[in-house]
Amino acid sequence: MKTSTPATLVAVSLLIIAGLLVAGCTTTAEAPGETTLTVFTAASLTGAFTDIGKAYEAENADVKVDLVFDGSQALRTQVEQGASPDIFVSASAKHMQALQDAGFMDNDTVTPFLGNSMALIVPADNPAGITGLADLNKSGTKIVIGTKDVPFGDYTRKVLDRMAADPAYGEAYREAVMGNVISEETAVSSVVPKLTLGEADAAFVYKSDVSKDDLDNVARIEIPTEYNVMATYPLGILTESSHKTEAESFIAFVRSPDGSAILTEYGFDPIPA
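Parameters at a glance
Residues numbered from 1 in each chain as written. Predicted model: local features only at pLDDT ≥ 70, side-chain atom pairs only at ≥ 80, totals over all residues. Heavy atoms only, no water. Helix = DSSP H or I, 4+ residues; strand = E, 2+ residues; numbered from the N terminus. Buried < 20%, exposed > 50% of the residue type's maximum accessible area, 1.4 Å probe, protein only. Contact = heavy atoms within 4.5 Å. Areas by Shrake-Rupley, 256 points an atom, 1.4 Å probe, with all protein chains shown as cover. Polar contact = N/O pair within 3.5 Å; in protein donor to acceptor, adjacent residues only side chain to side chain. Pairing = 2+ DSSP bridges. Expected span 1.5 Å × (residues − 1). Salt bridge = Lys/Arg side-chain N within 4 Å of Asp/Glu carboxyl O. Core = buried A, V, L, I, M, F, W, Y, C linked by side-chain atoms within 4.5 Å. pLDDT = per-residue confidence, 0-100. Phe/Tyr/Trp six-rings, centres within 6.5 Å; stacked < 30°, edge-to-face > 60°.

Visitor: Hey, could you run me through the overall build of the chain in this one?
Guide: Each helix and strand counted, the chain has nine helices and 10 strands in total. Sorting the 273 residues of the chain into buried and exposed places 44% on the buried side. In the chain, the proportion of contacts linking residues at least 24 apart, taken out of those at least 6 apart, comes to 78%. Of the roughly 13400 Å² of accessible surface on the chain, a fraction of 54% belongs to carbon and sulfur atoms.

So this is what it looks like as structure tokens:
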């Protein structure tokens, strides 16, 4: 009986391993794949885009929509530091423009698709007795706003700037309101809980942030048009996205009648394609 040499055994082993690797690769290639579409989305769109993602997946069984929600500035920073989503949905043209200028975005795909405006909210029981903007400068009033770098915080300051320019309110009003700010948040999603838990008397948010479910716990007070700010939301595809066809399809769905209906239900104002 002929005995195999160590060299022969090694050669045979290598052939077996190579065969298994080839078989494995063939199996993977033949298996129908599921595309994961990563969408970095402004936190103020959490409810609406969660529903849109589910609706899109229901019509596209081979695509999984991975939604990542945070403040627009935080998402922008993640992209600048190496994160690689397929789509960026911003609550501020400023943060989108920064990514465009740095070459992260496929500029031909970037477009405004949504409008939103600011509102004042108070707890349903309204312990501070706030009935309008004129009550916000009262001593002891506890107010929550966004940081200056997050879009809803930037827009809040613009509202106060417009009021400060009106002699009916003036600079002293703005200073008193800012003096009553007890917390500056980096995402809208953390604001409503502070009111419902009794930690604050009022907050500036997007009007869309008050959902039907929230109306049991908070009340929304409209901000007059002459002081309000209309936020424009852009979205677009990242230059390095490897799923541009699917990304284009998802954006088309967002802007379709079905997607627009969901956005409208959440209090947004879709911009026609």
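Visitor: Would you take a moment to explain the side chain of Ser-72 for this structure?
Guide: With respect to the helices and strands, the residue Ser-72 is situated in helix H3 (residues 72-80). A residue is classified by how much of its surface remains accessible, and Ser-72, at 2% relative accessible area, is buried. A distance of 2.9 Å separates a polar atom in the side chain of Ser-72 from the backbone nitrogen of Ala-91. When near neighbours in sequence (up to four residues on either side) are disregarded, Ser-72 contacts Ala-42, Phe-88, Ser-90, Ala-91, Ser-92, His-95 and Pro-151.

Visitor: Quick question: what am I supposed to make of the pairing of strand E5 (residues 143-146) here?
Guide: Each regular strand displays side chains that alternate between the two surfaces of the sheet. Neither face of E5 is left uncovered, since the one carrying Ile-143 and Ile-145 and the one carrying Val-144 and Gly-146 both have all their residues buried. One ladder, built from four bridges, connects E5 with strand E6 (residues 181-185); its direction is parallel. Directly across from Ile-143, in E6, lies its bridge partner Val-181. Examined bridge by bridge, E5 and strand E7 (residues 202-206) share two bridges and lie parallel to one another. Within E7, the position partnered with Val-144 by the bridge is Ala-203.

Visitor: Would you take a moment to explain helix H2 (residues 46-59) for this structure?
Guide: Residues spaced three or four apart along an α-helix point in a common direction, a consequence of the helix completing one turn every 3.6 residues. When the terminal C-alpha atoms of H2 are compared, their 20 Å separation across 14 residues agrees well with the 20 Å that a helix rising 1.5 Å per residue should span. Turning to H2, the residues buried within the fold contact strand E1 (35-42), strand E2 (63-70), strand E3 (87-89), strand E4 (111-123), helix H8 (244-254) and helix H9 (257-265).

Visitor: Explanation requested: the pattern of salt bridges in the structure shown.
Guide: Two side chains carrying opposite charge are able to pair once their charged atoms lie near each other. The full count for this structure, using the stated rule, is 11 salt bridges. Among the ionic pairs, Asp-135 bridges to Lys-138, the shortest N-O distance being 3.3 Å. Overall, Asp-135 belongs to the buried group, its relative accessible area being 12%. The salt bridge partner of Glu-184 is Arg-157, with a shortest N-O separation of 3.0 Å. Taken as a pair, Glu-184 in strand E6 and Arg-157 in helix H5 (residues 151-164) lie far apart in primary sequence, 27 residues in all. Look at Glu-184 and you get partly exposed, because its relative accessible area is 41%.

Visitor: Teacher, can you tell me more about the nonpolar core here?
Guide: Soluble globular proteins: nonpolar side chains tend toward being buried together. Leu-45, Phe-113, Leu-136, Phe-204, Phe-250 and Leu-263 are the most contacted members of the largest nonpolar core, which totals 62 residues. Looking at this core element by element, the count peaks at six residues for E4. Ignoring sequence-local partners within four residues, the contact set of Phe-250 consists of Leu-37, Val-39, Phe-49, Ile-52, Gly-53, Tyr-56, Val-65 and Ile-87. Within the second largest apolar cluster, nine residues are counted, among which are Val-79, Phe-88, Leu-99 and Val-110.

Visitor: Quick question: what am I supposed to make of the side chain of Thr-38 here?
Guide: You can see Thr-38 is positioned in strand E1. Classification of Thr-38 by relative accessible area gives buried; the value is 17%.

Visitor: In this structure, what is going on with the confidence of the model for the chain? I would like to understand it.
Guide: Put simply, the chain has an average pLDDT of 88, and 88% of its residues get 70 or more. Looking across the chain, the model is least confident in helix H1 (residues 6-30), with a mean pLDDT of 40, and most confident in E3, with 98. Every residue in residues 6-31 is under pLDDT 50, and counting partners more than four places away or in other chains gives one contact.

Visitor: Teacher, can you tell me more about unusual backbone geometry here?
Guide: The phi angle at Asn-126 is positive, at roughly 45 degrees, despite the residue not being glycine. With respect to the helices and strands, Asn-126 occurs in the loop between E4 and E5.

Visitor: Teacher, can you tell me more about the packing of aromatic side chains here?
Guide: The geometry of an aromatic ring pair comes down to the distance between the two centres and the angle between the two planes. Overall, the coordinates contain 10 aromatic pairs when judged by the stated rule. Judged by centre distance (6.3 Å) and plane angle (65 degrees), the rings of Phe-49 and Phe-250 are edge-to-face. Highlighted residues: Phe-49 in helix H2 and Phe-250 in helix H8, separated in sequence by 201 residues. Here Phe-49 and Phe-250 have matching classes, each one buried. Grouped by ring-pair contacts, the aromatic residues Phe-49, Tyr-56, Phe-113, Phe-250 and Phe-253 constitute a single cluster.

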